[in-house]
Amino acid sequence: QAQVVESGGGLVQAGDSLRLSCATSGLSFNLYHLGWFRQAPGKEREFVAAISWSEVNTNYADSVKGRFTISRNNPKNTVYLQMTKLQPEETAIYYCAAVLRRGALPPTREYEYDYWGQGTQVTVSS
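Rules used throughout
Residues numbered from 1 in each chain as written. Predicted model: local features only at pLDDT ≥ 70, side-chain atom pairs only at ≥ 80, totals over all residues. Heavy atoms only, no water. Disulfide = S-S within 2.5 Å. Helix = DSSP H or I, 4+ residues; strand = E, 2+ residues; numbered from the N terminus. Buried < 20%, exposed > 50% of the residue type's maximum accessible area, 1.4 Å probe, protein only. Contact = heavy atoms within 4.5 Å.

A look at the state of the cysteines
So, step 1. Overall, the coordinates contain 1 disulfide when judged by the stated rule.
So, step 2. Each sulfur of the disulfide joining Cys 22 and Cys 96 lies 2.1 Å from the other. Between Cys 22 and Cys 96, the S-S torsion sits near -80°, and that sign places the bridge as left-handed. Here Cys 22 is found in strand E3 (residues 18-25), whereas its partner Cys 96 is found in strand E9 (residues 92-100), with 74 residues between them in sequence.
So, step 3. The class of Cys 22 is buried, set by a relative accessible area of 0%.

What to know about the side chain of Thr 78
So, step 1. You can see Thr 78 is positioned in strand E8 (residues 78-83).
So, step 2. Using a relative accessible area of 9% as the deciding quantity, one classes Thr 78 as buried.
So, step 3. Discounting chain neighbours no more than four positions away, the residues touching Thr 78 are Ser 21, Cys 22, Ala 23, Phe 29, Arg 72 and Asn 73.

Re the side chain of Glu 90
So, step 1. Mapped onto the elements of the fold, Glu 90 is located in the loop between E8 and E9.
So, step 2. We classify Glu 90 as buried; its relative accessible area is 3%.
So, step 3. With near-sequence residues (within four places) excluded, Glu 90 lies in contact with Arg 38, Val 64, Arg 67, Phe 68, Lys 85 and Val 122.

Listed below in structure tokens is the structure:
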């Protein structure tokens, strides 16, 4: 049974950096596209970043381009989200998701992902 587990969340100040990790088990990690989404209080879950199974292709939400970096370590079955210059409005639960590759590009829509973690809380204070 596939499992997806996020870690690395916490309380930071505006302008700080934070790195989230997402470890998976029970799936052939190197065949999966991986994505990060977030859900702020009272808002819908939104796409943040995604990386293809091959590591060649990445996608970012416009709001995080240039500040966030997604990467993966296939031997460790882990995907990362390096976040810099965090802002209070980015306070949210951050979720990791996985989907078996269908094409070269990682998807950006929530419904395209099959496996989800429970999320990790990121709180950015002003």
